[in-house]
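# Chain and residue survey
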Amino acid sequence: MKQVPEFVVAIPARYASTRLPGKPLALIHGEPMVLHVARRALDAGAREVWVATDDARIADAVAGLDGIHVAMTDPGHASGTDRLAECARQAGWADDVIVVNLQGDEPFAPAMGIQAVASVLADSGAPMSTLATPVEDAPTLFDPNVVKLVRAAGGDALYFSRAPIPWHRDAFARSRDELPAGSWLRHIGIYGYRAGFLQQFAAMPPGMLEQVESLEQLRVLEAGFRIAVALSPAPFPPGIDTAEDLARADALMRGAP
């Protein structure tokens, strides 16, 4: 088995979620969501795990978990990237450290997926990496809340979009109810960076594509940098955004049918 490179995990956990206020503290099987996410990072073998937050209640929620560090960050940050860049400065990571950005709403993130985003970063030489998984049905492909991507032959991202890409001209002209033969990818919102590039990314001004699609990773592509993409080696369920998602996650964690 190939050895996983050394990496750290940073978990951005903002209290004021738009669709689910207080989301990091939402209870799943009786425990705050952020606690489940932090355990996932530890299970993946991260050298260090940091929770980057703007709220003392979130810091308190993980205070009893061995191996977890907390970075209290500026509540005025515009994005999770800005929050992680501040976390990296507080942690004092060298520029070449591999940082995995594990979102605070991913309580089912598989250890193999977390490791994979670190491995593809190291193997590709790209300054940033992420994961994808096949789209399995037409409703997912046409859902604007599901981000799709296309890759170059070498595995680098060509584009991310809320629209169905690539657009199958002939098949979709006939019907949008079924997937035609082909390959479509759903983006998984986990990222790897070298710590030095994380600072560079946070300092870049938002690009036109990012503003149009509301996808921060497009800032990197528009600026001419590579994003290496690997297929997730294990199922990677979507994150939790709504009360309905939370109820399903709680039932799954409790083992309900």
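Read on for an overview of the structure.

## Some thoughts on the pattern of salt bridges
Counted by the stated rule, this structure contains 11 salt bridges. The salt bridge partner of Glu 31 is Arg 39, with a shortest N-O separation of 2.9 Å. Since its relative accessible area comes to 27%, Glu 31 is described here as partly exposed. Arg 39 sits in the partly exposed class, given a relative accessible area of 30%.

## Thoughts on the environment of Phe 108
When you line up the elements, Phe 108 lands in the loop between strand 6 (98-101) and helix 4 (111-124). Separated by 141 residues in sequence, Phe 108 and Ala 249 have C-alpha atoms that sit 8.6 Å apart. What Phe 108 contacts, discounting residues up to four positions off in sequence, is Arg 40, Pro 237, Ala 249, Leu 252 and Met 253.

## So, the packing of helix 3 (residues 80-91) against helix 7 (residues 195-203)
A pair of packed helices can be characterised by two numbers: the angle between their axes and the separation between those axes. Contact geometry of helix 3 with helix 7 gives a least axis separation of 9 Å together with a crossing angle of 140 degrees. Between helix 3 and helix 7, the crossing angle belongs to the class labelled oblique. Note that helix 3 runs across helix 7; the crossing there is left-handed. In this structure, helix 3 contributes Thr 81, Asp 82, Leu 84, Ala 85, Ala 88 and Arg 89 to the contact, and helix 7 contributes Leu 198, Gln 199, Phe 201 and Ala 202. Grouping the amino acids of the contact of helix 3 with helix 7 by side-chain chemistry returns six nonpolar, two polar and two charged.

## Focus: the pairing of strand 7 (residues 128-134)
Taken across its seven residues, strand 7 has six buried, putting it largely inside the fold. One ladder, built from four bridges, connects strand 7 with strand 11 (residues 228-231); its direction is parallel. If you follow Leu 131 over to strand 11, its bridge partner there is Ala 230.

## Considerations on the environment of Ala 85
Here Ala 85 shows up in helix 3. Exposure remark for Ala 85: the relative accessible area of 1% places this residue in the buried category. With 15 residues separating them along the chain, Ala 85 and Val 100 place their C-alpha atoms 12 Å apart. Ala 85 has contacts with Leu 198, Gln 199 and Ala 202, leaving out every residue within four places of it along the chain.

What counts, and at which threshold
- Residues numbered from 1 in each chain as written.
- Predicted model: local features only at pLDDT ≥ 70, side-chain atom pairs only at ≥ 80, totals over all residues.
- Heavy atoms only, no water.
- Salt bridge = Lys/Arg side-chain N within 4 Å of Asp/Glu carboxyl O.
- Buried < 20%, exposed > 50% of the residue type's maximum accessible area, 1.4 Å probe, protein only.
- Helix = DSSP H or I, 4+ residues; strand = E, 2+ residues; numbered from the N terminus.
- Contact = heavy atoms within 4.5 Å.
- Axes fitted to C-alpha atoms, helices over the stretch in contact; angles between N-to-C directions.
- Parallel < 35°, antiparallel > 145°, perpendicular 65-115°, else oblique.
- Left-handed = near helix turned anticlockwise from the far one by under 90°.
- Nonpolar A, V, L, I, M, F, W, Y, C, P; charged D, E, K, R; others polar.
- Pairing = 2+ DSSP bridges.

Shape is all these values report; function is a separate question.
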